[in-house]
Amino acid sequence: MPDSQPQPHPPSNSSGSSGQSDPAALLLCGARLTDGRTVDVRLGGGRIEAVGTAGSLAPGPARSGATRVDLSGYLLLPAPAEPHAHGDTALSAERPGPVSYAPEDVQRRATEAALLQLGHGATAVRAHVRVGDVQGLGALGAVLHARRSLRGLSELTTVAMPRLLTGAAGADGLAMLRDAVKMGASVVGGCPDLDPDPTGYVEAVLDVASEHGCPVDLHTDASDPARLSRLAAMAGGLRPGVTIGPCAGITRLPAEAASRAVDQLAAAGVTVVCLPQGGCCGADRRGTAPVRLLRSAGVRVAAGSGALRDASNPVGRGDPLEAAYLLASAHGLRPEDAYEAVSGSARSVLGLPEVRVEAGFPADLLAVRGDRLPGALSLAYSRIVVHRGRVVARTSAVREYCNSAVSVELGLPRQGRGELS
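The structure displayed is predicted, hence computed values, not measured ones. (Residues numbered from 1 in each chain as written. Predicted model: local features only at pLDDT ≥ 70, side-chain atom pairs only at ≥ 80, totals over all residues. Heavy atoms only, no water.)

Asks: A description of the overall build of the protein should follow, citing residues and the corresponding values.
Replies: Summing up its helical and strand segments, the protein has 12 helices and 16 strands in all. With 421 residues in all, the protein has 54% of them scored as buried. Sequence-distant contacts, at least 24 apart, represent 72% of the contacts inside the protein between residues at least 6 apart. (Helix = DSSP H or I, 4+ residues; strand = E, 2+ residues; numbered from the N terminus. Buried < 20%, exposed > 50% of the residue type's maximum accessible area, 1.4 Å probe, protein only. Contact = heavy atoms within 4.5 Å.)

Written out as structure tokens, the structure is:
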């Protein structure tokens with residue numbers, strides 16, 4: 001499980017083939033990179049084997065049947081990851097009545113949500129799942145079933161979220177959290193802001209994480225600087241690490257208090273996942289964490305989607321490129337830094353190895369129609385998604401214009417059958 005074992009994965013020094021027949025070998029032809037080069041990329045064994053100038057790469061020994069994918073007109077990027085999803089409530093906004101936690105309903109929604117996000121480019125998803133109360137461990141079991149059904153397509157990992165962990169009412173929640181880890185949840189988390197004793201809640205989560213060697217991922221608005229300071233002090237040094245989000249409350253703190261809080265988070269090595277597309281079921285208020293302030297203090301910032309068409313955000317898209325677009329357009333990040341928040345930083349949150357379009361790195365890639373990153377973030381309609389060296393999703397968009405003098409003059413694509421002529 002990638003979340004529970006975050007291991008750095010250095011690239012291989014070899015850019016050649018193993019020499020064994022690999023029917024899944026791919027040759028990506030004519031792709032554009034962010035540095036302006038046009039290249040061919042050979043994939044095999046789930047990794048990038050070689051990157052060369054366009055037309056320079058052969059399929060490799062014993063691979064005359066390698067599949068060629070023409071990426072002319074596409075920009076090739078490391079695939080994004082989704083660090084903050086809610087698989088148990090996704091796609092429930094349009095259904096009447098309360099959300100159904102029947103295992104078959106949760107499994108269907110979680111699977112469909114992960115596939116929608118895969119189509120957007122996210123080859124790995126971290127799903128927060130409620131445990132305890134009326135749903136017990138049923139919703140978690142359903143999402144774990146979805147995880148198994150998605151193997152080979154997408155990496156789906158789970159965060160167990162109990163409601164209460166302190167006092168008499170919290171004893172059941174604590175037992176449920178431990179059972180959730182034994183069942184297969186790879187991360188422990190929850191919403192300390194909703195517990196009568198938020199600090200006690202965090203202590204309980206960190207204790208369970210230490211017992212099992214799990215990462216921690218907590219929901220918090222982060223609007224109380226004293227509480228945030230205590231969280232940072234408790235989280236410092238914990239491995240495999242602590243992530244918090246969406247932390248929009250930091251933007252409402254006085255400047256001096258906000259600066260002090262983000263410095264404490266940086267010193268503790270805490271990662272912040274912001275939600276530029278809106279809130280989620282674990283955070284009452286909307287807004288986005290102060291990403292530039294956090295980054296300037298040295299805090300690792302990743303961006304997630306949060307709610308995907310549930311009651312918290314009925315129009316949530318679950319699109320990492322939209323999150324990157326919003327970080328660039330509304331929060332002042334350079335397009336390169338905005339995309340890093342949904343790709344490299346997001347993968348780091350999930351404990352996944354770094355991806356570069358270089359030999360030896362994992363073959364998790366996203367090709368988007370366009371030749372520059374700003375344009376791709378603005379109009380990334382057509383996408384080809386590669387996971388473990390295999391094309392797992394394609395989205396194609398065709399735009400045509402009616403016959404007119406201006407369309408002819410500018411060479412615009414025109415309607416083929418004259419419907420609007």
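Now, onward.
Asks: Mind laying out the nonpolar core, listing which residues take part and the relevant values?
Replies: Judged by nonpolar contacts, the single largest core of 81 residues is most densely connected at V188, V216, I244 and L265. Looking at which element gives the most residues to this core, the answer is helix 4 (residues 198-212), with seven residues. The residues touching I244, leaving out its near neighbours within four places in the chain, are L218, T220, L228, L231, L265, V270, T271, V272 and V273. Core analysis: the next-biggest nonpolar cluster, separate from the first, contains 19 residues, L28, L43, A367 and I384 among them. (Core = buried A, V, L, I, M, F, W, Y, C linked by side-chain atoms within 4.5 Å.)

Asks: I'd like a rundown of the environment of L308, residues and numbers included.
Replies: Residue placement: L308 occurs in the loop between strand 13 (301-303) and helix 8 (320-331). Classification of L308 as buried rests on a relative accessible area of 5%. Residues L308 and G87, spaced 221 residues apart in sequence, show a C-alpha to C-alpha distance of 8.5 Å. Other than its neighbours up to four places away in sequence, L308 contacts A90, L91, A113, Q117, N313, G316, R317 and G318.

Asks: I'd like a rundown of unusual backbone geometry, residues and numbers included.
Replies: Between R239 and P240 the backbone carries a cis peptide bond, its omega angle lying at 15°. Locating P240 in the fold gives a position in the loop between helix 5 (225-235) and strand 11 (242-246). Cis peptide bonds are those with omega within 30 degrees of zero, and the linkage from G245 to P246 qualifies with 5°. Considering the arrangement of structural elements, one finds P246 in strand 11. At C247, a residue that is not glycine, the phi angle is positive and equals roughly 60°. Mapped onto the elements, C247 comes out in the loop between strand 11 and helix 6 (255-268). Overall, the relative accessible area of 0% leaves C247 in the buried class. Of note in this structure, R309 is not a glycine but carries a positive phi near 50°.

Asks: Quick one: what's the story with the pairing of strand 14 (residues 365-369), residue by residue and with numbers?
Replies: Burial within strand 14 is extensive, with four of its five residues counted as buried. Bridging between strand 5 (residues 74-78) and strand 14 involves five bridges; their strand directions are antiparallel. Bridging from a neighbouring strand, P78 pairs with L365 of strand 14. Across four bridges, strand 14 lies against strand 15 (residues 383-387) in antiparallel orientation. Its bridge partner lying in strand 15, V368 is registered against R383. (Pairing = 2+ DSSP bridges.)

Asks: A description of empty space enclosed by the protein should follow, citing residues and the corresponding values.
Replies: Enumeration over the complete set of coordinates arrives at three cavities of 30 Å³ or more. Around the largest cavity, the lining residues are A85, H86, G87, A110, A113, A114, Q117, V125, A127, V143 and L156. Of all the secondary structure elements, the ones that give two or more residues to the lining of the largest cavity are helix 1 (103-120) and strand 7 (124-131). Among the elements that take part in the lining of the largest cavity, helix 1 stands out by supplying four residues, more than any other. (1 Å grid on protein atoms, 1.4 Å probe; cavity = no way out; pocket = protein on both sides within 12 Å on 5 of 7 lines; lining within 4 Å. Points joined across faces, edges and corners; volume = space filled by probe spheres on them.)

Asks: How would you sum up the packing of helix 3 (residues 167-183) against helix 4? Please name residues and give values.
Replies: To characterise two packed helices, one gives the angle between the axes of the helices and the distance between these axes. Contact geometry for helix 3 and helix 4: axes closest at 11 Å, N-to-C directions at 30°. Between helix 3 and helix 4, the interaxial angle falls into the category roughly parallel. For the element pair helix 3 and helix 4, the recorded crossing hand is right-handed. Across from L174, L177, R178 and V181 in helix 3, the residues of helix 4 making contact are A204, V205, V208, E211 and H212. Taken together, the residues of the contact of helix 3 with helix 4 break down into six nonpolar, one polar and two charged. (Axes fitted to C-alpha atoms, helices over the stretch in contact; angles between N-to-C directions. Parallel < 35°, antiparallel > 145°, perpendicular 65-115°, else oblique. Left-handed = near helix turned anticlockwise from the far one by under 90°. Nonpolar A, V, L, I, M, F, W, Y, C, P; charged D, E, K, R; others polar.)

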